[in-house]
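Geometric and topological summary
So the chains spell out like this:
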Amino acid sequence: MTTTTLLGELKKRGVKVRRRGERLLLSDLHGALTPELRAAIDAHREELLATLDGVERSEVSSVDSVCPYCGVGCAIRYFVDEAENRIRYADGRESPVNHERLCVKGRFGFDYTSHPERLQIPLIRKESSYPKGPLSTEVRGDRKRRPGGLVDYDEVLPHFREATWEEALDLAASRLVEIRDRDGSGALAGFGSAKCSNEEAYLFQKLVRAAFGTNNVDHCTRLCHASSVAALLETIGSGAVTNVFGDVRNADVALIAGSNTTGNHPVAATFVKQARKSGRTKLIVVEPRRIEMADHADYFLQINSGTDVALYNSWMHVLIEEGLIDEAYIAERTEGFEELEAVVAGYSPEVAAQICGVEPELIREAARTFGRAERAMIFWGMGISQHTTGTNNARCLISLALMTGNIGREGTGLHPLRGQNNVQGASDAGVIPMVYPDYQSVADPAVREKFEQAWGVELDPQPGLTVVEIMGAALEGTIKGMYMMGENPFLSDPNVNKVRKALSNLDFLVVQDIFLTETAEFADVILPATSFFEKSGTYTNTDRRVQVGRKTLQPPGGARLDWEITCEIGTRMGYPMEYGSPEDVFAEFTALAPSYAGLTHENLGLTGKLWPCPDPSEDGIQVLFGDRFPTASGRGKFVPAEFAPAKELPDEEYPFVLNTGRRLEHWHTGTMTRRSRALHAIRPGPVVDMHPADLEALGVEDGELVEVASRRGSIVLPAARSDRMLRGAVFIPFHFREAAANLLTIDELDPAGKIPEFKYCAVRVSPAS
Amino acid sequence: MARQGRDEQMIGLTIDGRPVRVLPGATIWEAARTLGIDLPVLCHDPRLEPVGVCRLCLVEVGEPKLTAACVRGAEEGMEVRTSSERLEVCRRGLVELLLSDYPVDVSRLPKTGSDALVELAGELGADWPARRRSGETGEAPGSRTEPAGGIPAGDGRALDHTSKVIFVDHQACILCDRCIRGCDDLQVNEVIGRTGKGYRTRIAFDLDVPMGESTCVSCGECEKVCPTGALSLRGWETLPEDAAAPGVEGWEVL
C-alpha cells in the first residue's frame, strides 16, 4: 500500500489524519480504524508526516458574524473550509449579547446552507402544470408522506423548467405590472422576511410601496409580536424593548410570561437563570406548561391557557389593595390610572383563581414579590401575543410595569423577546402595512410626502392588508399577484387548508427562497436566493442591537443576492432601483429612519450598536424612557382590559386545548433545521405532548400514534408522555409538515394586532390504530 | 477581565520586575494579563470562577511554596515571578503526569486544532510516555470500555458516543471541572457533575447516564471550555443524512 492509497482508504472510511509536531493524530469516530490500517499508518509514519506538513493550519479561515436563528442575535465566529466552501464548525465570540455562549442551533445548525437541495437556477412553471395547485402528492392529500420528509423534489421539480435569470425576472416583472395595470395596485401584495437583513427588508418594502404602488406588505412579525407592538405603541409610544435582556442581572425580580425561554431564546435564558442563581434576582414564571424555566423559578404559576388578563388584573388588584404601587411614578409619568383601577377592582385573587386555575394565595404571593421589588423586569413571548386577546395581554403587562415604576431605570423594563434574528429590523425597516421605515404612519400626509420625495413616486395613502388578511383577500380573488421573499405561509400561517386554497387562487406568485418550500409548489416563478451565510447585511436583535452579518461562503451555482433580485424586479417594473452595495442601501434607510441615524456598517464593528445611538462612538442607549415616553403627552398610558375567553373553547366533541410553538432544536417550518444533520439527528420528528393521565384515559402508551383533530383538519403523530403539561392540554410544534400543527389552528385574529390565535383552539385526540 | 485603573484603592505589585496596579479582588493571573503575560492554564477560563486545580499557573511570590496565580489574589507590594527553572520543571512535570494516560487518538485536534494540553506539552518540551512516542495507540478506541469494578488503567476509561453533537472521551479528561462550571454556572443547565472517588473519579451527566440520554440540551458550552480531547465536536459530517434525504427511518447513530 502506498501513502496515497492509504490516505484514500482512510478518507473513504471517514478517518481523518492530522500532523501535530512529530505526531500523527487520528480521528476515528466510526471505529473504522482496523488493526491493518493502524499497522499501515505505522509503516508509513515518516511519509505521512511529510505529506501532512502544514495542512491543519491552512485548512480553515474564520469569519466573525452573527447567528441566523433567533432574536437573541449571538455573535459567532464561523470556521470555514474555503476549498470546500463549507463551514467546519462555529464558536461563540465575545459580545455584550452572548459573552461567547451559543445554543444548539447556533453551534450546530449551520450546515443547511451547504445542502445539496439548495436552489441554484431560476425555475418557471411548465405550461402543462396549470391550472395551479399543490404539486406533491402529499400536499394534495393523495398519500401520507413518510415521516421525516420535507418537500419531495422528485415530485415537484418536474413541473418546472429551468430558465435564465433574464427570462425569469422579465416574466416576474411583466406579470406583476400586468396585474397592477389591469386590476390596480391593491391586487398586489408582498411578504418580506424577518430572516433577511435590514437592507433587504428596506428594499422589499420600497419595491412594494413604490413599484407595486400598495402598502400590502407584511411579514411574520404579524404572527409573532404584532399584538405586543400594537399595545406598546398605544401605551408607551414605541414598539421595541425598553431595556436589554442582559440587564436582568440588576433586577430584583424577573417575570417570565408566556415564554418558553430555554427553548426559544436559549442564550437569553442563560442570563436569566444566572441572575436567579446568583441570589440577586427572584424569578416568577407564568406559563400553562411547566417549562424548564419553571424549574428555576421562585414562583411558578401554571395558569390555564389564555387567562393572562385575569391573572395580571388580579396582580394589579393586589398591588393597589396593599399599597405596593409607585404613586409618584403614576402621578408624574402616566395617565389613565383611574380607569385601570376601576377595571382591576373586579379581579380579586379569588375571582382570578377560578379563571386561571391557580391558588389565590399563590397569586397574592407572586404579586407581592413583584410589587416589593425595587427593580423588576418583564419578559414575554408568544404565549402572551398569539391570542385573540394578545393586545390585551400585553396591555396588562405594560400597566403592571407602569404602576410599579419599572420602566426607564437599570434593572427594570419591558422586554418582549423577539423571535426571528431580524424581526425587529424588518419591522424597523417598514415591512409592515401601516408604517414606513421607523414606524412612520402611511396615513400621515406629512410623513407620506417625505417618503414620496425620497422615493420619487406617489404613494398609496391607504394602510395595507396584514398577513392573514392578504391570504383572505387572495381566497376572495381581490389579491391576484404576490411576491414572497423567504416566507413559507403554507406551514407558518394558521389554518393551512385555507392558505392552500388561497395560494392556488393567485394569478401569479413569485417565490424567492433557498429551498423548494411548500409555498413554492404554488409558484409561477421560483428565484434561487442566497442564504444568510452568503451575503452581508445588518440584523437587529431583540435588544435593538444592530449587528453586521458577514459573508462567510460563496453562493451555490446561479443563486443571487436577495437585495439584487428585489432591485432587478423593481427596475424591470419601470422603477429603477440601483445600489452598489448593502452599505449604500443602509445609508438610504438610516437617512429615513431617525432611530438608526448615525449608524453605518463601518461603525457597527464586530459587536454592533444599540439603536438609538446619538453618539456613534458609544454603544447606543440601553435603557429607554428614563424621563418621558414618546407619546403625544409624554406620559405612559394605562389601557385597562377585561378578561375574555379564547375564541374556540373545548367542548364535548373537541375536549382538549391545543397549544403550538417551537422546539429548542428546530426553527419554524423546518426548511433550515431539518436540513441540518445534527439538529435532525437530535429531534427527527414531531410528537404531541400530553399529560400522563390523559394518555392513560385514552389507553395510549408513550410513543404510540394518535390522531389530533380540530374543526379545520387532522394530523397523526406519536404521543409523548409529559408531566410538564396540564390535564386537558396538548402541545404540538409547528415545524413538521408531516404533522403540520397549523392544519389544526384557528385563523381568528386579535382585533388590534391582527395576530392569529396560534396558542388556543379546541381539538380531539384519539388513538390512531 | 482586566481590572486595571487609577483608583486610590488600587493594589500595587510587581510581576517579573514590572510594576502593575489592579483593583482589589483581582488575581495574580489577571494582573499578569494586564501586562500581556499569559500564564499557562488548563483549568481556568476568564469567563469562569477560578478553582486552581491544574496548578499550571504556578508562580513564585517569595514564599516557600509555589502558588496558583488563577486563585491567589494580588497583594500590595507582592513580587511575583512567572518564570524560573523551578517553575518550568514543575509545570513540565504536571503536564507529563497528565500525558501519562492521555490517549493518542484523541479527536479534538483534527476538529478544532486547539487541544490546550497537547499545545502546552509542546511549549514546555514535555516528554510523552514511551508507549505514546512509539505511536502505539493501545486498544482500538471503539473497544475501550471501563472494566467493571476494577481500576481503570491505560486506555481503560470509556468513550461515550451517545450525544449527537459531542464526543466524550473520559480517558482524555483531566478533571479540571471547566465543563462542569460551563454547564452549571454559564449556561445554568446543571447537567454535568463528578462521580466516583480517587482514580475512578470522572465527569458524569445527570445521575451518571450516557450524555445522549441525559437532559443535556447540546449547547456545546462544555466542548467549548474543555481544554483537552475529553469533550470534542463530532462534526456534522459524522452524522447520518438529514430529513431531506430519502429513507431517514432506520438509520443508526453510533
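Being a predicted model, the structure only gives us computed values, none of them experimental.

**Let's talk about the overall build of chain B**
- Each helix and strand in chain B was counted, giving seven helices and ten strands.
- Residues classed as buried in chain B amount to 55% of the 254 residues present.
- Summarising the internal contacts of chain B: among those between residues at least 6 apart in sequence, 56% fall at separations of at least 24.

**Notes on the overall build of chain A**
- The secondary structure content of chain A amounts to 30 helices and 30 strands.
- Across the 769 residues of chain A, 66% fall into the buried class.
- Long-range contacts, defined as pairs at least 24 residues apart, comprise 74% of the intrachain contacts of chain A with a sequence gap of at least 6.
- A total of about 25,100 Å² of accessible surface is found on chain A, and carbon and sulfur atoms cover 49% of it.

**Considerations on helix α9 (residues 198–212) of chain A**
Residues and elements named next belong to chain A.
- Between the first and last C-alpha of α9 there are 20 Å, a value that for 15 residues agrees with the 21 Å anticipated at 1.5 Å per step.
- The element α9 is largely enclosed, with a buried count of 15 among its 15 residues.
- Positive backbone phi, approximately 85°, marks G213, located one or two places after α9.

**What about the state of the cysteines?**
- Tallied over the entire structure, the rule returns zero disulfides over all chains.
- With no disulfide of its own, A:C70 lies closest to A:C74 among cysteine sulfurs, the gap being 6.3 Å.
- Assessed through its relative accessible area of 9%, A:C70 is described here as buried.
- B:C70 forms no disulfide, and the closest cysteine sulfur to it belongs to B:C57, at a distance of 3.9 Å.

**Quick look at the pairing of strand β5 (residues 86–92) of chain A**
Residue and element names in this part refer to chain A.
- Most of β5 is tucked away, with six of its seven residues classed as buried.
- Strand direction decides the pairing type here: strand β4 (residues 75–81) and β5, joined by six bridges, are antiparallel. Across the sheet, V80 pairs through a bridge with I87, a residue of β5.
- In this antiparallel pair of consecutive strands, β4 and β5, the connection spans four residues, and N85 shows a positive phi of 55°.

**Re the environment of A:P582**
Residue and element names in this part refer to chain A.
- Here P582 shows up in helix α27 (residues 582–592).
- A sequence separation of 385 residues divides P582 from S197, and the C-alpha atoms of the two residues are 9.3 Å apart.
- What P582 contacts, discounting residues up to four positions off in sequence, is E199, S536, W563 and H601.

**Points about the environment of A:R662**
Residue and element names in this part refer to chain A.
- Examined against the element boundaries, R662 turns out to sit in the loop between β25 (656–661) and α29 (677–682).
- Taking the relative accessible area as the measure of exposure, R662 reaches 9% and is therefore buried.
- Between the C-alpha atoms of R662 and F734, which are 72 residues apart in sequence, the distance is 6.5 Å.
- Separated by 3.5 Å, the side chains of R662 and H668 make a polar contact.

**Regarding empty space enclosed by the protein**
Residue and element names in this part refer to chain B.
- On inspection of all chains with the given rule, the structure shows eight cavities of 30 Å³ or more.
- The wall of the second largest cavity is formed by 15 residues, among which C183, N189, C216, C219 and C222 lie closest to the centre.
- At the level of elements, α6 (178–186) and α7 (221–225) are the ones that each hand at least two residues to the lining of the second largest cavity.
- The residue makeup of the lining of the second largest cavity, split by class, is ten nonpolar, four polar and one charged.

**Observations regarding the pairing of β4(A)**
Residues and elements named next belong to chain A.
- Within β4, six of the seven residues are buried, leaving the element largely enclosed by the surrounding structure.
- Note: strand β3 (residues 60–66) against β4, seven bridges, orientation antiparallel. Bridge assignment links S65 to a residue of β4, and that residue is I76.

**Topic: the side chain of A:T466**
Residue and element names in this part refer to chain A.
- Following the sequence through the fold, T466 ends up in the loop between α22 (445–455) and α23 (467–476).
- Within polar-contact distance, the side chain of T466 engages the side chain of E469 at 2.8 Å.
- Among all residues touching T466, those that are not within four sequence positions of it are D218, R222, P433, M434 and K754.

**Considerations on the sheet that holds strand β22 (residues 545–549) of chain A**
All names here are of chain A.
- One open sheet holds the three strands; their spatial order is β21-β22-β23, and the pairing between them is antiparallel. The sheet is open, and its two borders are formed by β21 (537–540) and β23 (609–610), each paired with just one other strand.
- As paired strands, β21 and β22 are joined by four bridges and run antiparallel to one another. Paired with G537 across the strands is G549, a residue of β22.
- Across the sheet, α9 touches β21 and β22, and the angle it forms with β21 is around 95°.

**Section: a negative patch on the surface**
Residues and elements named next belong to chain A.
- A surface patch of like charges, here negative, comprises E327, E338, E339 and E341.
- It is helix α16 (residues 337–344) that provides the largest number of residues to the negative patch, a total of three residues.
- Residue classification places E338 among the exposed residues on the basis of a relative accessible area of 54%.

**Side note on the environment of B:E123**
All names here are of chain B.
- Position of E123 relative to the elements: it lies in helix α4 (residues 116–124).
- The exposed category is assigned to E123, whose relative accessible area is 62%.
- Sequence separation between E123 and R92 is 31 residues, and the spatial gap between their C-alpha atoms is 9.4 Å.

**Notes on the sheet that holds strand β6 (residues 159–160) of chain B**
All names here are of chain B.
- The strand order across the open sheet built from three strands is β6-β7-β10, with neighbouring strands paired in antiparallel fashion. Whereas interior strands pair on both sides, the edge strands pair on one side only; in this sheet they are β6 and β10 (231–233).
- Note that strand β7 (residues 166–169) and β10 share three bridges and pair antiparallel. Among the inter-strand pairings, V168 is bridged to a residue of β10, identified as L231.

**Quick word on the confidence of the model for chain B**
- The predicted model of chain B has a mean per-residue pLDDT of 82, with 75% of residues at 70 or higher.
- Across residues 1–5 of chain B, confidence stays below pLDDT 50; counting only partners more than four residues off in sequence or on other chains, it has 16 contacts.

Calculation notes
- Residues numbered from 1 in each chain as written.
- Chains lettered and ligands numbered in written order.
- Predicted model: local features only at pLDDT ≥ 70, side-chain atom pairs only at ≥ 80, totals over all residues.
- Heavy atoms only, no water.
- Helix = DSSP H or I, 4+ residues; strand = E, 2+ residues; numbered from the N terminus.
- Buried < 20%, exposed > 50% of the residue type's maximum accessible area, 1.4 Å probe, protein only.
- Contact = heavy atoms within 4.5 Å.
- Areas by Shrake-Rupley, 256 points an atom, 1.4 Å probe, with all protein chains shown as cover.
- Expected span 1.5 Å × (residues − 1).
- Disulfide = S-S within 2.5 Å.
- Pairing = 2+ DSSP bridges.
- Polar contact = N/O pair within 3.5 Å; in protein donor to acceptor, adjacent residues only side chain to side chain.
- 1 Å grid on protein atoms, 1.4 Å probe; cavity = no way out; pocket = protein on both sides within 12 Å on 5 of 7 lines; lining within 4 Å.
- Points joined across faces, edges and corners; volume = space filled by probe spheres on them.
- Nonpolar A, V, L, I, M, F, W, Y, C, P; charged D, E, K, R; others polar.
- Axes fitted to C-alpha atoms, helices over the stretch in contact; angles between N-to-C directions.
- Patch = residues over 30% accessible without salt bridge, like charges linked within 9 Å, V, L, I, M, F, W, Y side chains within 5 Å.
- Salt bridge = Lys/Arg side-chain N within 4 Å of Asp/Glu carboxyl O.
- Lys, Arg positive; Asp, Glu negative; His and termini not counted.
- Charge placed at Lys NZ, Arg CZ, Asp CG, Glu CD.
- pLDDT = per-residue confidence, 0-100.

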